[in-house]
Amino acid sequence: MFCAIDFGTSNSAIAVPHGVAQMRLVELEPGHTTMPTAVFYFADGPEHAGPPRAFGRAAVAAYVDGIDGRLMRSMKSILGSSLVEQTTDVGGGRGEKYLDIVAGYLKHLKTRAEAQLGAPIDRAVLGRPVFFVDDDPARDAQAQAALRTAATQIGFGEIQFQYEPIAAAFDYERGVSTEQIVLVADIGGGTSDFSIVRVGPQRAARLDRKEDILANHGVHVAGTDFDRRIELNSVLPSFGYRAMGPSIGGAPPREVPSSVYFDLATWHLINTVYNPQRVAELRGMRGFYDEPLHYQRLMTVVTERLGHELAARAEAAKIAVAEGGDARIELGHVERALAVAVTERDAVQAIEADIASIVRAAQVAVAQAGLKPAQIDALYFTGGSTGLRLLAQRIAAGFPAAQVVRGDRFASVATGLGLYARRWFGAPGLSRSAAPAQR
């Protein structure tokens, strides 16, 4: 048996064989074939094949319900970083390596798939972004190697990789009747990836599609960066971010130290703020603040461990603004009646630099393919962050002659990876030594 796994920054999915020549997405949770990439470690509870955990929506629900423990999200972002081999506190006196957290999540996907198939799975195609890490080939290779290690650790004996936007192109290809050149924009939680792919009904049956992949390019900027910018620009100023301290001895006021705010706005660093040594350091910084209320709010967030809740509310505001209109972020859990407004203009200003970077990446991909914008027949949007209206419009503006097609924002990549896995593992007599996306 084999499968295809889309391990995403925000959401994940897994596809398995169905019938003689088809693939299907596994129902990971009741009524859902995609699942949030989230793990909640309970502070209390018996060990059972690892620390007591909940996954996906159950993990998010446990956190929202205030159960004692630690929520882990955006685990994909630690691949390629020095954190991957480090151990972090997951509550209840337990420690867990970040790589083992990734492996545990992948094992949950694998176990769900095996339960529905009624058979073990030992071969897998794993999706990967064009770049795990920008402008650093060594760290990018380390990131894929870490993901391979995690997959091997949970029992996969044969592993192949495929670029996520290429997989999305395979999904798009099912609906075309003529040969086309498509620019695939796969913009998720962690990366914005672009691929220029030649597709068509005569090409779809080919296993080796290397000559049809005209260019790949991407940047490590996407949805979680938008969340971070909005939190820093709209939420955290009420807690002292970019505030000025008092004037001491007639000297000009200095800006409040900002590192704690950057960590509070970064999912995998939020828990570092709760470290006892860090808390003690923050307790000694009262004199850095000219506005006592800012400091009080910050310390409430730190001592009551509300950082993830702030980040979640910033993300919800981004989604609300992306759907049109303004948003109001209620912060009454920190201070009675505290709230901040986020307008579409505020959100756009906060993420303008990120949007510009993503738009440039799309243009670079086309240039690397040796093409002009007018030669692109279609734009295929997939990934959760393509729901941001302004971003999609800005990308499309550079290709006015191209047809704009929106795929399933959360399942197109998984579906395409499944198609590729079916072709790769199901091809008789195929030499397995040279997978197109292998690095």
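Located above this text is the structure these notes cover.
### Things to note about helix α2 (residues 98–117)
Next, step 1: Taking 1.5 Å as the rise per residue, α2 with 20 residues should run 28 Å; its terminal C-alpha atoms sit 29 Å apart, in good agreement.
Next, step 2: Here α2 has its buried residues at Y98, L99, I101, V102, A103, G104, Y105, L106, L109, K110, A113 and E114.
Next, step 3: Positive backbone phi, approximately 75 degrees, marks G118, located one or two places after α2.

### Details of the environment of A4
Next, step 1: Residue position: A4 is located in strand β1 (residues 2–7).
Next, step 2: The spacing of A4 and G31 is 27 residues in sequence and 20 Å in space, taken between C-alpha atoms.
Next, step 3: Setting aside residues no more than four positions away along its own chain, A4 makes contact with A13, I14, A15, V125, L417, G418 and A421.

### Observations concerning the packing of aromatic side chains
Next, step 1: Scanning the entire structure with this criterion turns up 10 aromatic pairs.
Next, step 2: For the pair Y172 and Y380, a centre-to-centre distance of 5.0 Å together with 45 degrees between the ring planes defines the contact as tilted. Pair noted here: Y172 is in helix α4 (residues 164–173) and Y380 is in strand β17 (residues 378–382), with a separation of 208 residues, a long-range link. Across this residue pair, the class does not change: Y172 and Y380 are buried.

### With respect to empty space enclosed by the protein
The gaps left among the atoms become clear once a water-sized probe is rolled over them.
Next, step 1: Counted according to the given criterion, the structure contains three cavities of 30 Å³ or more.
Next, step 2: Here the largest cavity is characterised by a volume of approximately 100 Å³.
Next, step 3: Counting residues per element, the lining of the largest cavity draws most heavily on helix α10 (residues 344–368), at four residues.
Next, step 4: Class assignment for the residues of the lining of the largest cavity results in eight nonpolar, no polar and three charged.

### Things to note about the nonpolar core
Next, step 1: One finds F194, F239, Y261 and I376 to be the most contacted residues of the largest nonpolar core, which totals 77 residues.
Next, step 2: It is α10 that contributes the most residues to this core, 10 residues altogether.
Next, step 3: Beyond its immediate sequence surroundings of up to four residues, I376 is in contact with I181, L183, I196, V366, L371, F399 and A402.
Next, step 4: Ranked by size, the runner-up nonpolar core spans 41 residues in total, among them V16, M72, I101 and I121.

### Brief notes about the packing of α10 against helix α11 (residues 389–397)
Next, step 1: Relative orientation of the contacting elements α10 and α11 amounts to 35 degrees, with a least axis distance of 10 Å. Along this stretch, α10 crosses α11, giving a crossing that reads as right-handed. On α11, the residues that touch E344, V348, E352, I355, A356, I358, V359 and A362 of α10 are R389, L390, L391, R394 and I395.
Next, step 2: Split by residue class, the contact of α10 with α11 holds nine nonpolar, no polar and four charged.

### Quick notes on the pattern of salt bridges
Close approach of charged atoms allows side chains with opposite charge to pair.
Next, step 1: This model, assessed by the stated rule, comprises 22 salt bridges.
Next, step 2: Notably, a salt bridge pairs E173 with R209, separated by 2.8 Å at the nearest N-O pair. One end of the pair, E173, is in helix α4; the other, R209, is in the loop between β13 (192–199) and β14 (213–219), and 36 residues separate them in sequence. Judged on exposure class, the residue E173 and its partner R209 are both buried.
Next, step 3: For R328, the salt bridge goes to E330, with nearest N and O atoms at 2.8 Å.
Next, step 4: Among the charged side chains, a salt-bridge network with shared partners connects E173, E179, R198, R203, R206, R209, E211 and D212.

Scoring rules and cut-offs
Residues numbered from 1 in each chain as written. Predicted model: local features only at pLDDT ≥ 70, side-chain atom pairs only at ≥ 80, totals over all residues. Heavy atoms only, no water. Helix = DSSP H or I, 4+ residues; strand = E, 2+ residues; numbered from the N terminus. Expected span 1.5 Å × (residues − 1). Buried < 20%, exposed > 50% of the residue type's maximum accessible area, 1.4 Å probe, protein only. Contact = heavy atoms within 4.5 Å. Phe/Tyr/Trp six-rings, centres within 6.5 Å; stacked < 30°, edge-to-face > 60°. 1 Å grid on protein atoms, 1.4 Å probe; cavity = no way out; pocket = protein on both sides within 12 Å on 5 of 7 lines; lining within 4 Å. Points joined across faces, edges and corners; volume = space filled by probe spheres on them. Nonpolar A, V, L, I, M, F, W, Y, C, P; charged D, E, K, R; others polar. Core = buried A, V, L, I, M, F, W, Y, C linked by side-chain atoms within 4.5 Å. Axes fitted to C-alpha atoms, helices over the stretch in contact; angles between N-to-C directions. Left-handed = near helix turned anticlockwise from the far one by under 90°. Salt bridge = Lys/Arg side-chain N within 4 Å of Asp/Glu carboxyl O.

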